[in-house]
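Residues per chain are reported as follows:
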Amino acid sequence: MLSSPQLKNALEILRSNANAADADPVWPSASWQALREAGVLRWCIPTAYGGDGLEGVPLLEGYEQLAEACLTTCFILSQRDAACRRLRDGENEALRRRLLPPLAAGEAFSTVGLSQLTTARQHVRPSFSARAADNGFVLDGTIPWVTGAAKADHLIIGAVLEDRQQILAVLPTDLRGVTIGLVLDLMALEGSLTAELRCDQVQLPRAWLLAGPAERVMAAAGRGGTGGLETSCLALGLSGAAITYLQQESVSRPELRTTAERLDHSRQNLRTEMHKLAEAGCTAEAASALRARANTLALRSTQAALTASKGSGFLRQHPAQRWARQAMFFLVWSCPRPAAEATLAYLAPSDPFACL
């Protein structure tokens, strides 16, 4: 695991503010500043642009620690890092030189607005479109899920052209015609300030283009996509928080020891598998299978923690209720169909007596 005095201090700050970050629709300023001071904002950015260039297992280890301390803050970071990776892997070196150094220094914030591409269907009018113009593109429509929208200086967005090809581009949020809606009333992770963003005939110069036009621009534009190992890693971190609680409780309540040991064994196995995939290369099928198992572990471990905490865990100030709500986020966040189907099979087993 990554370790430094600064990171240790940041994790303590994240833990102390985790309940508020989850429950209040307020930007977690203290936690984000702690990440900046610990150098976390440099992790995924290449060294040529002021970052640390972390990839693979070291980066996953860092994410897991952060998610265990505060899933809300780590989720915000994951969306910001997804934007950084899209910049890194895009076709526009000028944008890399311009945007990545201030992101590494924590002087700017970027996020992604790409869900409309993953949910688009052929022959259905896209929710967010682009039309070629003399000097660039005209953007129109709605991006339904944008984390940290009100804090973002730029978004990495995807849009569909009239011929059904797609583009990736950087969208400055101060352009005329860009409107950020009210913060969505989520059941968890309220501090992520997730909101809808709308573009009304926004003129985007071609200089902001990252990739495309292409038929499946996200697949063609590199490794910046969501829904892979990073998402499973955050689920593993949340499970770790619940399992650690059970382990601590089992010191004075021996009847919890077997439950804690079994869940921790599952966590260790999943972590080993995830790291192997990170080192050897990960197919979409392998990532989806891991994601399904990470989902179910998050559900099982957080429900176990809530059960063990008894009535006190149902109070807002207790972390068990937060972990249980947050685990359900993984059922809807960037969950590919095979992972969703595997989770449904777990929730509704074919054996009618399996729940006894």
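My aim in this report is to walk through the structure given alongside it, one point at a time. (Residues numbered from 1 in each chain as written. Predicted model: local features only at pLDDT ≥ 70, side-chain atom pairs only at ≥ 80, totals over all residues. Heavy atoms only, no water.)

1. So, the overall build of the protein chain
Each helix and strand counted, the protein chain has 12 helices and eight strands in total. Here the protein chain has a C-alpha radius of gyration of 21 Å; the compact-globule value for 356 residues is 21 Å, and the two agree. Considered along the principal axes of its C-alpha atoms, the protein chain spans approximately 70 × 50 × 40 Å. Pairs at least 24 apart in sequence give 74% of the contacts found in the protein chain among residues at least 6 apart. (Helix = DSSP H or I, 4+ residues; strand = E, 2+ residues; numbered from the N terminus. Rg over C-alpha atoms; globule rule 2.2 N^0.38 Å. Contact = heavy atoms within 4.5 Å.)

2. Description of the packing of helix 9 (residues 257-280) against helix 10 (residues 284-309)
Following both chains from N to C, one finds helix 9 and helix 10 inclined at 160°, their axes separated by 11 Å at the closest point. Relative to helix 10, the element helix 9 is oriented roughly antiparallel. Classified by chirality, the crossing of helix 10 by helix 9 is left-handed. Residues Thr259, Leu263, Ser266, Arg267, Leu270, Glu273, Met274 and Leu277 of helix 9 lie in contact with helix 10, whose contacting residues are Ala286, Leu290, Arg293, Ala294, Leu297, Arg300, Ser301 and Ala304. (Axes fitted to C-alpha atoms, helices over the stretch in contact; angles between N-to-C directions. Parallel < 35°, antiparallel > 145°, perpendicular 65-115°, else oblique. Left-handed = near helix turned anticlockwise from the far one by under 90°.)

3. Some thoughts on the pairing of strand 4 (residues 154-160)
Two faces make up the sheet, and in a regular strand the side chains alternate between them. Burial analysis of strand 4 places seven of its seven residues in the buried class, the great majority of the element. Burial of strand 4 is two-sided: the residues His154, Ile156, Gly158 and Val160 facing one way and the residues Leu155, Ile157 and Ala159 facing the other way are all buried. Pairing between strand 1 (residues 110-113) and strand 4: four bridges, direction parallel. Each bridged residue has a counterpart across the sheet, and for Val112 the counterpart in strand 4 is Ile156. With seven bridges joining them, strand 4 and strand 5 (residues 166-172) adopt antiparallel strand pairing. Bridge pairing in strand 5 links Leu155 to Leu171. As consecutive antiparallel partners, strand 4 and strand 5 are separated by five residues, and within that stretch Arg164 has a phi angle of approximately 75°, a positive value. (Buried < 20%, exposed > 50% of the residue type's maximum accessible area, 1.4 Å probe, protein only. Pairing = 2+ DSSP bridges.)

4. Points about the state of the cysteines
Counted according to the given criterion, the structure contains zero disulfides. Free of any disulfide, Cys70 has its nearest neighbouring cysteine sulfur in Cys74, separated by 8.5 Å. Its relative accessible area of 1% is what places Cys70 among the buried residues. Of all cysteine sulfurs in the structure, the one in Cys233 sits closest to Cys282, which takes part in no disulfide; the separation is 12 Å. With a relative accessible area of 33%, Cys282 lands in the partly exposed category. (Disulfide = S-S within 2.5 Å.)

5. Quick word on the nonpolar core
If you look at the biggest cluster of nonpolar residues, it comprises 111 residues, and the most contacted ones within it are Leu66, Leu87, Leu139 and Leu171. Sorting elements by how many residues they give to this core places helix 8 (residues 229-250) first, with 11 residues. (Core = buried A, V, L, I, M, F, W, Y, C linked by side-chain atoms within 4.5 Å.)

6. Looking at the packing of helix 3 (residues 56-69) against helix 9
Relative orientation of the contacting elements helix 3 and helix 9 amounts to 145°, with a least axis distance of 9 Å. As for the relative orientation of helix 3 and helix 9, their crossing is right-handed in sense. Listed contacts from helix 9 to Gly56, Val57, Leu60, Glu61, Glu64 and Glu68 of helix 3 are Arg267, Arg271, Met274, His275, Ala278 and Glu279. Of the residues that constitute the contact of helix 3 with helix 9, the class distribution is four nonpolar, two polar and six charged. (Nonpolar A, V, L, I, M, F, W, Y, C, P; charged D, E, K, R; others polar.)

7. What about helix 9?
Here helix 9 contains 24 residues, and its C-alpha end-to-end distance of 35 Å stays within 8% of the 34 Å for a straight helix at 1.5 Å per residue. Taken together, the buried positions of helix 9 are occupied by Ala260, Leu263, Asp264, Arg267, Leu270, Arg271, Met274, His275 and Leu277. Looking at the buried residues of helix 9, the elements they touch are helix 3, helix 8 and helix 10. Backbone geometry just after helix 9 places Gly281 at a positive phi near 105°. (Expected span 1.5 Å × (residues − 1).)

8. Some points on the packing of aromatic side chains
The tally for this structure, following the rule as stated, stands at nine aromatic pairs. A centroid spacing of 5.0 Å and a plane angle of 75° characterise the contact between Phe75 and Phe329, whose relative ring orientation is edge-to-face. Of this pair, Phe75 sits in helix 4 (residues 71-89) while Phe329 sits in helix 11 (residues 319-329), and the two are 254 residues apart along the sequence. You'll find Phe75 and Phe329 in the same group, each marked buried. One aromatic cluster is present, formed by Phe75, Phe329, Phe330 and Trp333 through successive ring pairs. (Phe/Tyr/Trp six-rings, centres within 6.5 Å; stacked < 30°, edge-to-face > 60°.)

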